[in-house]
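What follows is each chain in one-letter form.
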Amino acid sequence: MDARKERAPVIAIAGDVETSILDTFTLEELNPYKFFDTASLYTARLVDPEQARSVFNTAIRTAILEKGPTVISLPGNIAAMDVEVESTHITIPTTPLLRPADGDLNRLVDMIHDAETVAIFGGDGCRHAHDEVIELAEKLKAPVGYALRGKQWLEHDNPNAVGMTGLIGYGGAYGAINEAELLLLLGTDFPFSEFLPGKKVTKIQIDRNPKHIGRRTSVDLGLVGDIKTTLSALLKLVNEKTDERFLAKHIEETNSFHNLLQHYVEKGPGIKPIRPEFLAKTLSDLAADDALFFADTGTAVIWLARHISGGRDRRLFGSFSWASMANAAPNAFGAQLAYPGRQTIALCGDGGYAMLALGDLLTQVERRTPVVQVILNNDSFDFVKIEQQEAGIVPFGVDFKSPNFAKVAEAMGAKGIRIEEPGDVRDALAEALAHKGGPVVVDAVVDPFALALPSHVPFHTMKGFTLSMAKQVLSGRMDSVIKTMKRNVRLV
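Computed from a predicted structure; not experimentally measured.

A.B. asks: What should I look at first to understand helix 10 (residues 245–261) in this one?
C.D. replies: Since the α-helix turns once every 3.6 residues, residues separated by three or four places project in the same direction. Taking 1.5 Å as the rise per residue, helix 10 with 17 residues should run 24 Å; its terminal C-alpha atoms sit 24 Å apart, in good agreement. Looking at helix 10, one finds that the buried residues are Phe-246, Leu-247, His-250, Ile-251, Thr-254, Phe-257 and Leu-261. An end-on view of helix 10 places all buried positions within 125 degrees of arc, on one side of the element. Exposed side of helix 10, more than 90 degrees from the buried face: Arg-245, Glu-252 and Asn-259 are the residues found there. Tucked inside the fold, the buried residues of helix 10 contact strand 4 (118–122), strand 6 (161–164), helix 8 (173–179), helix 11 (263–266) and helix 13 (299–307).

Here it is, written out as structure tokens:
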């Protein structure tokens, strides 16, 4: 499901019972068509060797061209057979150019010319269009915000960047996209509609996938096209705007919020327990320019979004569209196998790591893969705790006692590093990143009361937090409420 939602080209070869006992409800038999239907773009059950060429060809092309998972269900007796099939070379065509028709493109140009202020909000569809988006933004004096999946493509080398919106948002993005006269939604399927503008803002959406257009918010013009190709054509037609006041306002707002974000980073060396902001920013500064970063679903994603800097050669991964737990460590392990020697870093939650990653760690030791796993050890399912508070309830069932993951790692044959003192953060992370010849687990004991307040908080979220805090006081948890307030209003 992660591969389906993240549009990752995966080919899964699934075992199957022997053909002589198919559909007899024997041990471990399942119907692959039903079982994989929700996630797989193409599922095939190979019951005759003569199917091989056609099935393999289709599975490969579908996975790569449609960008998603395919499944080949392969019975053991078929897998063992010989087959006289000539080896074939599969040619994968280059992605075709796709842009709106001239009439629609001219309408887009007219709408841009008529608008006094323009903002841009981009997503993963801007993957190959960084330069075109930046050039258009500079020409239109437009602030550029981005969804989480657009951060790594639009944040770096972008003087007009104003951050993200949503509950993990930061900077001036929310204000820019909601106060502009015209908003360009480029290659994004951002799912949180309450953060997108209403009817007062004219909205134009451009996407390769027609199903994305208008399903998150109503749009005044929807165009089907590849972002890079469409903007290349658009740049030749639009006139340059001269008024920079709207852009300057939201750049200033972004810089102001950035200064707030830096509070616990700058004061981090003197604050115990360790602030996760300080840990993440230090990790970002020490990592290689082409590092591959992975974040577990939860607060690890917040710190990735806010404090791990992207770059032209850096990549940021997570279960951003599906939000499955405990993804960072196995994703980083897979990436290290695919790109041996390239720095792969997993930012993990303690709950997710205990759930899934410990089993993989044994395999990492066996393979001697240099995967760096940094665990945010706060003895809780932290993001679930925040969600419960947003819902206005007293947190329940989210606290647990984590082990010393560094000692666990050492018992398994990996290198373990435990960080409890903020003054040790930089040297410990540098040691972990320099380690070769096998996996390393960094167990960082971080502040369990650290919150990541977004630049814009919806009323229902504010109401839920207030109600939760009141209930916690009435239920005898005044100490937790005081610690939460004290550690998130910059008193230290």
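A.B. asks: It is not clear to me how the pattern of salt bridges should be interpreted in this structure. Could you clarify?
C.D. replies: Pairing is possible between side chains of opposite charge, provided their charged atoms come close. This model, assessed by the stated rule, comprises 22 salt bridges. In this structure, the salt-bridge partner of Arg-312 is Asp-131, at a minimum N-O distance of 3.5 Å. In this pair, Arg-312 is assigned in the loop between helix 13 and strand 11 (315–318) and Asp-131 in helix 6 (residues 130–140), connecting sequence segments 181 residues apart. For Arg-312, a relative accessible area of 46% puts it in the partly exposed group. The residue Glu-179 makes a salt bridge to Lys-249 at a minimum N-O spacing of 2.8 Å. Remark: Lys-249 occurs in helix 10 and Glu-179 occurs in helix 8; sequence separation between them is 70 residues. Take Glu-179: its relative accessible area is 42%, and that puts it in the partly exposed class.

A.B. asks: Sorry if this is basic, but what is going on with the environment of Pro-276 here?
C.D. replies: Along the chain, the position of Pro-276 falls in helix 12 (residues 276–286). The buried category is assigned to Pro-276, whose relative accessible area is 3%. Setting aside residues up to four positions removed in sequence, Pro-276 forms contacts with Trp-303, Leu-376, Val-446, Asp-447 and Ala-450.

A.B. asks: Where do I start with the sheet that holds strand 15 (residues 440–445) in this structure?
C.D. replies: Backbone hydrogen bonds are what pair the strands of a sheet, in a parallel or an antiparallel way. With respect to topology, six strands assemble into an open sheet ordered 11-10-12-13-15-14, the strand pairing being parallel. Sheet topology places strand 11 and strand 14 (415–419) at the edges, where each strand pairs with a single neighbour. Along the sheet, successive strands turn relative to each other by an average axial angle of 20 degrees, direction set aside. Pairing geometry for strand 13 (residues 371–377) and strand 15, over six bridges, is parallel. Note that in strand 15 the partner of Val-372 across the bridge is Val-440. Across the sheet, helix 13 touches strand 10 (292–295), strand 11, strand 12 (344–349) and strand 13, and the angle it forms with strand 10 is around 145 degrees.

A.B. asks: How should I be thinking about the packing of aromatic side chains in this particular structure?
C.D. replies: Both the distance between ring centres and the angle between the ring planes are used here to describe each pair of aromatic rings. Under the counting rule described, the total for this entry stands at seven aromatic pairs. A centroid spacing of 5.3 Å and a plane angle of 80 degrees characterise the contact between Phe-121 and Phe-190, whose relative ring orientation is edge-to-face. With Phe-121 in strand 4 and Phe-190 in the loop between strand 7 (182–186) and strand 8 (202–207), this residue pair connects regions lying 69 residues apart in the sequence. Take Phe-121: its relative accessible area is 0%, and that puts it in the buried class. Here Phe-190 falls in the buried class, since its relative accessible area comes to 8%.

A.B. asks: Is there a simple way to explain a nonpolar patch on the surface in this structure?
C.D. replies: Side chains of Ile-64, Leu-65 and Ile-92 sit close together on the surface and give an oily, nonpolar patch of about 220 Å² of accessible area. Inspection of the secondary structure puts Ile-64 in helix 3 (residues 52–65).

A.B. asks: What's the story with the nonpolar core in this structure? I'm lost.
C.D. replies: Within soluble globular proteins, side chains that are nonpolar generally end up buried alongside one another. In terms of nonpolar packing, the biggest core is built from 72 residues, with Leu-108, Val-133 and Leu-184 touching the most fellow members. Here this core takes six residues from helix 13, the largest share from any one element. Among residues more than four places away in sequence, those in contact with Leu-184 are Leu-108, Ile-112, Val-118, Ala-119, Ile-120, Phe-121, Leu-136, Leu-140 and Ile-204.

A.B. asks: Help me out: how do you make sense of the sheet that holds strand 9 (residues 221–224) in this one?
C.D. replies: Spatial ordering of the open sheet is given by 6-5-4-7-8-9, a layout of six strands whose pairing is parallel. Two strands in the sheet have a free side with no partner beyond their single neighbour: strand 6 and strand 9. When the angles between neighbouring strand axes are averaged without regard to direction, this sheet yields 20 degrees. Docked against the sheet, helix 5 (residues 102–114) engages strand 4, strand 7, strand 8 and strand 9, running at close to 135 degrees with respect to strand 9.

A.B. asks: Looking at this structure, how should I read the packing of helix 6 against helix 9 (residues 227–235)?
C.D. replies: Axis angle and axis distance: for two packed helices, these are the angle between their axes and the distance between the axes, and together they describe the pair. One way to put it is that helix 6 packs onto helix 9 with a least axis distance of 9 Å and a crossing angle of 35 degrees. Crossing angle aside, the handedness with which helix 6 passes helix 9 is left-handed. Contact residues: helix 6 offers Glu-132, Val-133, Glu-135, Leu-136 and Lys-139, while helix 9 offers Ile-227, Lys-228, Leu-231, Ser-232, Leu-234 and Leu-235.

A.B. asks: Whenever I open this one, the side chain of Thr-230 confuses me. Can you help?
C.D. replies: Mapping Thr-230 onto the fold places it in helix 9. A polar contact is formed between the side chain of Thr-230 and the backbone oxygen of Asp-226, at a distance of 2.7 Å. The residues contacting Thr-230, other than those within four sequence positions of it, are Leu-98, Arg-99, Pro-100, Leu-105, Ile-206 and Gly-225.

A.B. asks: Please explain the environment of Gly-352 as it appears in this structure.
C.D. replies: Within the element layout of this structure, Gly-352 appears in helix 15 (residues 350–367). Along the sequence, Gly-352 and His-212 sit 140 residues apart, while their C-alpha atoms lie 31 Å from each other. Aside from chain neighbours lying at most four places away, what touches Gly-352 is Asp-296, Ala-326 and Ala-357.

A.B. asks: I'm lost on the pairing of strand 4 in this one. Help?
C.D. replies: Sheet faces and side chains relate simply in a regular strand, where the side chains alternate between the two faces. When you tally the buried positions in strand 4, you get five out of five residues, the bulk of the element. Along strand 4, one buried face is formed by Val-118, Ile-120 and Gly-122 and the opposite face, lined by Ala-119 and Phe-121, is buried too. In terms of strand pairing, strand 4 meets strand 7 through five bridges, oriented parallel. Each bridged residue has a counterpart across the sheet, and for Phe-121 the counterpart in strand 7 is Leu-185. As paired elements, strand 4 and strand 5 (residues 144–146) share three bridges and run parallel to each other. Paired with Phe-121 across the strands is Gly-145, a residue of strand 5. Handedness of the crossover joining strand 4 and strand 5 through helix 6 is recorded here as right-handed.

Criteria and thresholds
Residues numbered from 1 in each chain as written. Predicted model: local features only at pLDDT ≥ 70, side-chain atom pairs only at ≥ 80, totals over all residues. Heavy atoms only, no water. Helix = DSSP H or I, 4+ residues; strand = E, 2+ residues; numbered from the N terminus. Expected span 1.5 Å × (residues − 1). Buried < 20%, exposed > 50% of the residue type's maximum accessible area, 1.4 Å probe, protein only. Arc of directions from axis to C-beta. Contact = heavy atoms within 4.5 Å. Salt bridge = Lys/Arg side-chain N within 4 Å of Asp/Glu carboxyl O. Pairing = 2+ DSSP bridges. Axes fitted to C-alpha atoms, helices over the stretch in contact; angles between N-to-C directions. Phe/Tyr/Trp six-rings, centres within 6.5 Å; stacked < 30°, edge-to-face > 60°. Patch = residues over 30% accessible without salt bridge, like charges linked within 9 Å, V, L, I, M, F, W, Y side chains within 5 Å. Areas by Shrake-Rupley, 256 points an atom, 1.4 Å probe, with all protein chains shown as cover. Core = buried A, V, L, I, M, F, W, Y, C linked by side-chain atoms within 4.5 Å. Left-handed = near helix turned anticlockwise from the far one by under 90°. Polar contact = N/O pair within 3.5 Å; in protein donor to acceptor, adjacent residues only side chain to side chain. Right-handed = clockwise from strand over helix to strand, strands pointing away.

Geometric descriptors of this kind do not, in isolation, establish any biological role.
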